[in-house]
Amino acid sequence: MGEQDDARRLIRRKREERAGLTASAPRPGQLEDRPWSQRRPLNYESPGRAPVRPSGDLPVIARLLWETHEELLPARAIRWTATHVMVVVKALTPPYNQHELVVWLRVEDVFRTIPRRPPARP
């Protein structure tokens with residue numbers, strides 16, 4: 001048993017030391033260096049159980065919350081559960097089809113029409 005534990009630790013250590021794993025993890029403040037399609041918004045949340053097959057293809061408006069701002073973007077809902085929706089947001093600037101943001105959001109952050117905002121108070 002002791003030799004097997006040592007072998008598992010060695011394998012785990014080698015995986016952690018690989019350059020690909022550490023290079024892909026973002027450092028604090030490095031998020032802006034990556035394309036927006038590789039970032040995760042703050043309101044990203046995976047459901048406990050996700051459907052394997054697409055549920056449909058509906059046009060929606062997705063609310064994405066970033067560290068610095070909030071965005072409402074046109075998107076396509078492709079999978080959903082009772083509590084979450086997987087949306088695909090295409091880039092708004094060229095090249096349009098090269099970068100897509102695919103994220104799970106809570107149903108409260110996905111709209112079929114433009115959401116109403118409370119009037120701003122002066």
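Data block above holds the structure.
Just so you know, these numbers come straight off a predicted model, no measurement behind them. Along each chain, the written sequence defines residue order, and numbers are assigned to residues from 1. Only residues with pLDDT of at least 70 get local features here, since the model is predicted, and only at 80 or more are side-chain atom pairs given and counted; chain-wide, interface and lining totals rely on the full set of residues. The basis for every side-chain value is the complete set of heavy atoms in the structure, and neither hydrogens nor water enter the calculation.

Details of the sheet that holds strand E4 (residues 100–106)
The strands that make up a sheet pair up through hydrogen bonds in the backbone, lying either parallel or antiparallel. A pair of strands is considered paired only if DSSP assigns at least 2 bridges between the two. To qualify as a helix, a DSSP run of H or I must reach at least 4 residues; to qualify as a strand, a run of E must reach at least 2; elements of each kind are numbered from the N terminus. Pairing in this open sheet of five strands is antiparallel, and the strands run E4-E3-E2-E1-E5 from one edge to the other. The sheet is open, and its two edges are formed by E4 and strand E5 (110–111), each paired on a single side. Two strands pair when backbone bridges link them, and strand E3 (residues 84–90) and E4 are joined in this way by seven bridges, in the antiparallel orientation. From the neighbouring strand, Val-88 faces E4, where its bridge partner is Val-102.

Focus on the pairing of strand E1 (residues 58–65)
In this structure, E1 lies alongside strand E2 (residues 70–80), joined through eight bridges in antiparallel fashion. Considered in E2, the bridge of Ala-62 is made with Leu-73. Where E1 folds back on E2, the antiparallel hairpin that results is connected by four residues. Pairing of E1 with E5 involves two bridges; the strand directions are antiparallel. In the strand pairing of E5, Ile-61 is matched with Phe-111.

Some thoughts on the side chain of Asp-109
Its place among the elements puts Asp-109 in the loop between E4 and E5. Using a 1.4 Å probe on the protein chains alone, a residue whose accessible area is under 20% of its type maximum counts as buried, one over 50% counts as exposed, and one in between counts as partly exposed. On the accessibility criterion, Asp-109 (10% relative accessible area) is buried. Contact criterion: two residues are considered in contact whenever any of their non-hydrogen atoms come within 4.5 Å of each other. Discounting residues that sit within four places of it in the chain, Asp-109 has contacts with Asn-43, Ile-61, Ala-62 and Arg-63.

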